[in-house]
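Spelled out from the first residue to the last, the chains are:
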Amino acid sequence: MLHHEFDRLMAAETDELERLTTHRDRLEHEQDRLMQAHYADAIPLPVLKREQDRILGELGVRNGSVTTDR
């Protein structure tokens, strides 16, 4: 019974880590697209800054989730 519970917890943790990793990758891709748009003069600097701040905030929360859960 203890082994079954341990396996269940490990599977749940693995699923959560995969979800967090996917979200982090999506945010990093979004950062890349923002920079490309800025370099192409498609978005003004204040918009770039606001969006980068939002992404960095989400990345900080995600990275904190990964490190504090371990």
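As shown above, the structure is provided for reference.
These lines cover the structure that appears in this document, whether it is placed above or below. Because the structure is a prediction, the values reported are computed rather than measured. (Residues numbered from 1 in each chain as written. Predicted model: local features only at pLDDT ≥ 70, side-chain atom pairs only at ≥ 80, totals over all residues. Heavy atoms only, no water.)

### Here we look at the side chain of glutamate 30
What counts here: Only DSSP runs of H or I with at least four residues qualify as helices, and only runs of E with at least two residues qualify as strands; both kinds are numbered from the N terminus onward. Contacts are assigned to residue pairs with any non-hydrogen atoms lying within 4.5 Å of each other.
The residue glutamate 30 is located in helix H1 (residues 2-39) in this model. Not counting residues up to four positions away in its chain, the partners in contact with glutamate 30 are Glu51, Arg54 and Ile55.

### Some remarks on H1
Threshold: The span you would expect from a helix comes to 1.5 Å times its residue count less one. Buried, partly exposed and exposed residues are distinguished by accessible area as a fraction of the type maximum, computed with a 1.4 Å probe on protein chains only: under 20%, between the cut-offs, and over 50%, respectively.
The first and last C-alpha atoms of H1 sit 56 Å apart over 38 residues, in line with the 56 Å expected at 1.5 Å per residue. Along H1, the residues that are buried comprise Leu20, His23, Leu27, Glu30, Gln31 and Leu34. Of the residues flanking the end of H1, it is aspartate 41, one or two places downstream, whose phi is positive at about 60°.

### Thoughts on the environment of leucine 59
When you line up the elements, leucine 59 lands in helix H2 (residues 45-68). With 32 residues separating them in the primary sequence, leucine 59 and leucine 27 have C-alpha atoms 7.3 Å apart. With residues up to four places along the chain from it excluded, the contact list for leucine 59 reads Arg24, Leu27, Glu28 and Gln31.

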